[in-house]
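Here is how the chains run, residue by residue.
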Amino acid sequence: NAGVIQTPRHKVTGKGQEATLWCEPISGHSAVFWYRQTIVQGLEFLTYFRNQAPIDDSGMPKERFSAQMPNQSHSTLKIQSTQPQDSAVYLCASSPQTGYEQYFGPGTRLTVL
Amino acid sequence: AQSVTQPDARVTVSEGASLQLRCKYSYSGTPYLFWYVQYPRQGLQLLLKYYSGDPVVQGVNGFEAEFSKSNSSFHLRKASVHWSDSAVYFCVLSLNTNKVVFGTGTRLQVLP
């Protein structure tokens, strides 16, 4: 079991560029979550999918952030026109069908210059 | 409203000493509770989980936690800490859905 895989581990973008972050959940897990972590705000919920369907995106900044889960083996978080305030660690987690514990990936550190 | 409070932002202990990290929750439903640890530049790792039954749950690396419904608490304990336990510890409440509420974290520093 490789755990949750996130790529890339680090990404640097210029202001206004697009960033796409990838997450591969643990095989067989039915739910996938995206979080953002900063020193100032701590852990913030962004969105989650269950069985590939979007369930709750209440934490997503509406204008520039989008997330998809085209198949059960990966999810993407896309940030358009990145801004310096988007700099953070983006964490992906997955959860099994039974149980509510979440298993986290190592995160992607996004730096917007 | 549901919430998780970790009253100690930082805790410093000496290696070999015992440890307790405090966690209080507020939730009207049946709480499912977790402790996670985050080492520098890593994701969160699950230490232990409580769903029901025995209020004392065992986790990895000698950690345990005790659930108290009367006190709305879920404190984390370890009998003897090692310098490698230095990390940030998060108490997490599940809202009986897949949504969770995170505590603000306690940064543990273990002095050699």
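These notes cover the structure that comes with them. Treat the numbers as computed from the prediction; the structure is a model and nothing was measured.

In terms of regular secondary structure, chain B is built from zero helices and 12 strands. Seen in sequence order, chain B has helices and strands lined up from the N terminus as β-β-β-β-β-β-β-β-β-β-β-β. When the backbone C-alpha atoms are referred to their principal axes, chain B occupies close to 40 × 30 × 20 Å. For chain B, with 112 residues in total, the buried portion stands at 46%. Across chain B, every contact between residues at least 6 apart in sequence was considered, and the portion connecting residues at least 24 apart equals 54%. Split by element, the accessible area of chain B, about 5,400 Å² in all, is 48% carbon and sulfur. When the 10 positive and 6 negative side-chain charges of chain B are each reduced to one mean point, those points stand 10 Å apart.

Attention now goes to the pattern of salt bridges. Two side chains that carry opposite charge are able to pair once their charged atoms sit near each other. Enumeration according to the criterion identifies nine salt bridges over all chains in this entry. In this structure, lysine 99 of chain B engages aspartate 56 of chain A in a salt bridge whose closest nitrogen and oxygen atoms are separated by 2.9 Å. Taken together, the residues span two chains, with lysine 99 of chain B in the loop between β10 (87-94) and β11 (100-102) and aspartate 56 of chain A in strand β6 (residues 53-56). Judged by relative accessible area, aspartate 56 of chain A falls into the buried class, the value being 18%. Arginine 77 of chain B is paired through a salt bridge with glutamate 64 of chain B; the nearest N and O atoms lie 2.7 Å apart. With arginine 77 of chain B in strand β9 (residues 73-78) and glutamate 64 of chain B in strand β8 (residues 64-68), this residue pair connects regions lying 13 residues apart in the sequence. Here the salt bridges do not stand alone but share partners, grouping Glu64, Glu66 and Arg77 of chain B into one network.

The next point concerns the state of the cysteines. One pass over the full model with this rule turns up two disulfides over all chains. With a sulfur-sulfur separation of 1.8 Å, cysteine 23 of chain A is cross-linked through a disulfide to cysteine 92 of chain A. On the sign convention where negative means left-handed, the S-S torsion of about -65° between cysteine 23 of chain A and cysteine 92 of chain A marks this disulfide as left-handed. Separated by 69 residues along the polypeptide, cysteine 23 of chain A in strand β3 (residues 19-24) and cysteine 92 of chain A in strand β9 (residues 88-95) bring together distant segments of the chain. Exposure remark for cysteine 92 of chain A: the relative accessible area of 0% places this residue in the buried category. The residue that forms a disulfide with cysteine 23 of chain B is cysteine 91 of chain B, at a sulfur-sulfur distance of 2.0 Å. Between cysteine 23 of chain B and cysteine 91 of chain B the disulfide shows an S-S torsion of about -65°. By sign, it is left-handed.

The rules behind the values
In every chain, residue numbers begin from 1 and rise along the written sequence. Each chain gets a letter, beginning with A, and each ligand a number, beginning with 1, in the order they are written. It should be noted that, the model being predicted, local features are given only for residues of pLDDT at least 70 and side-chain atom pairs only at 80 or more, the latter also being counted only at that level, while totals for whole chains, interfaces and linings use all residues. The side-chain values count all of the structure's non-hydrogen atoms but skip hydrogen atoms and water molecules. Numbering goes from the N terminus for both helices and strands, where a helix is a DSSP run of H or I of at least four residues and a strand is a run of E of at least two. For every residue, the accessible area obtained with a 1.4 Å probe (protein chains only) is divided by the maximum for its type, and the residue is called buried under 20%, exposed over 50%, and partly exposed between those limits. Residues count as neighbours in contact if any of their non-hydrogen atoms are within 4.5 Å of one another. Throughout, the Shrake-Rupley method with a 1.4 Å probe supplies accessible areas, and for residues the shown protein chains are the sole cover considered. For the purpose of charge, His is not counted, nor are the chain termini; Lys and Arg are scored as positive and Asp and Glu as negative. By convention, the charge on Lys lies at NZ, on Arg at CZ, on Asp at CG and on Glu at CD. Salt bridge, as applied in this entry: a Lys or Arg side-chain nitrogen positioned within 4 Å of an Asp or Glu carboxyl oxygen. What counts as a disulfide here is a pair of cysteine sulfur atoms lying within 2.5 Å.

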